[in-house]
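One letter stands for each residue in the lines below.
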Amino acid sequence: MHRRALKVEKPMAKQSPVAGVDLTPEEEANLLLALGGVAADLDKTLAPFAAAALREYVDMFNGQAMTSLTELKEQRLLAILLSLPAKDFPTDDQIAKWFGLTTDRARAFLRNTLARNRNRLRDVMKAAAKSVLATAAQTGDEDSPFEARFPNAVLIQMLNDDLAVAKTVRSPITKKASTFDTYVIPKGSMTELTGLYP
């Protein structure tokens, strides 16, 4: 049977761990369905996940005890979020595919993971917010609202929480009618958020 040798590299600290994985054509096709991209870039696509998997083992060997399957999954998602570039912050649908969940359960899973690891993920969430806000564009004249595509509802909730406690009254980010992931950001709210996430 034909097998493809796969090398995955991700620098960590002073080392560059390398994992060799043999993939059947079917496994490769399934990975591309789950992660996106093309076969030629699969090594690069898998690199953050390899780093996340290694982090999970390092934590285990360093004595971090897991008392439940839920905790193990949360630690796994935490490691992935810490490894992925901000521009690749996962969608609810991606998390659902990776962990075998419905989209609603994936959203709750992400929310719980963020809540339990708020301090460790603060920089990740800030970077994800900045990445999305940088893509926002006005839909009309200079007073018109902005539109942006957000990867998941949890990120929207975080930004709306920021707007809710702003000194100046701001309107929340809302989903654009008849779209799946496009949201409308009022101009004043955009000004507030870009000040919080420069």
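The structure contained in this document is the topic of the report that follows. Since this is a predicted model, take the numbers as computed values, not measurements.

1. Side note on the overall build of the protein chain
In step 1: When helices and strands are tallied, the protein chain shows eight helices and six strands.
In step 2: Burial statistics for the protein chain: of 198 residues in total, 35% are counted as buried.
In step 3: Of all intrachain contacts in the protein chain linking residues separated by at least 6 positions in sequence, the fraction that spans at least 24 positions is 53%.
In step 4: For the protein chain, the accessible area works out to roughly 11900 Å², and carbon and sulfur atoms hold 54% of it.

2. Comments concerning the packing of helix H3 (residues 69–83) against helix H6 (residues 118–133)
In step 1: At their nearest, the axes of H3 and H6 sit 10 Å apart, and the two run at 35 degrees to each other. H3 and H6 meet at a crossing whose hand is left-handed. Between H3 and H6, the residues in contact are Gln 75, Leu 78, Leu 81 and Leu 82 and Arg 120, Leu 121 and Val 124, respectively.
In step 2: Tallied by class, the residues present in the contact of H3 with H6 amount to five nonpolar, one polar and one charged.

3. Concerning the side chain of Asn 152
In step 1: For Asn 152, the position within the fold is in the loop between strand S4 (146–149) and helix H7 (153–164).
In step 2: Residue classification places Asn 152 among the buried positions, given a relative accessible area of 2%.
In step 3: In this structure the side chain of Asn 152 is engaged in a polar contact, spanning 3.1 Å, whose partner is the backbone nitrogen of Val 154.
In step 4: For Asn 152, the residues in contact, after removing those within four places along its chain, are Phe 89, Pro 90, Thr 91, Asp 92 and Leu 110.

4. Considering the pattern of salt bridges
In step 1: Scanning the model with the defined rule gives 12 salt bridges in all.
In step 2: The closest approach of N and O atoms between Asp 92 and Arg 107, which form a salt bridge, is 3.0 Å. Within this pair, whereas Asp 92 is found in helix H4 (residues 92–99), its partner Arg 107 is found in helix H5 (residues 103–116), the two being separated by 15 residues in sequence.
In step 3: Between Asp 93 and Lys 97 there is a salt bridge, with the nearest N and O atoms lying 3.8 Å from each other. Of this pair, Asp 93 and Lys 97 both sit in helix H4, separated by four residues, roughly a single helical turn.
In step 4: Linked by salt bridges that have partners in common, Glu 71, Glu 74 and Arg 116 make up one network.

5. Side note on H6
In step 1: Where H6 bends most, at Val 124, the angle is about 25 degrees.
In step 2: For H6, the complete set of buried residues consists of Leu 121, Val 124, Met 125, Ala 128, Ala 129, Val 132 and Leu 133.
In step 3: The secondary structure elements touched by the buried residues of H6 are H3, H5, S4, H7, strand S6 (182–185) and helix H8 (187–196).

Rules used in this analysis
Residues numbered from 1 in each chain as written. Predicted model: local features only at pLDDT ≥ 70, side-chain atom pairs only at ≥ 80, totals over all residues. Heavy atoms only, no water. Helix = DSSP H or I, 4+ residues; strand = E, 2+ residues; numbered from the N terminus. Buried < 20%, exposed > 50% of the residue type's maximum accessible area, 1.4 Å probe, protein only. Contact = heavy atoms within 4.5 Å. Areas by Shrake-Rupley, 256 points an atom, 1.4 Å probe, with all protein chains shown as cover. Axes fitted to C-alpha atoms, helices over the stretch in contact; angles between N-to-C directions. Left-handed = near helix turned anticlockwise from the far one by under 90°. Nonpolar A, V, L, I, M, F, W, Y, C, P; charged D, E, K, R; others polar. Polar contact = N/O pair within 3.5 Å; in protein donor to acceptor, adjacent residues only side chain to side chain. Salt bridge = Lys/Arg side-chain N within 4 Å of Asp/Glu carboxyl O. Bend = angle between axes of the 7 residues up to and from the residue.

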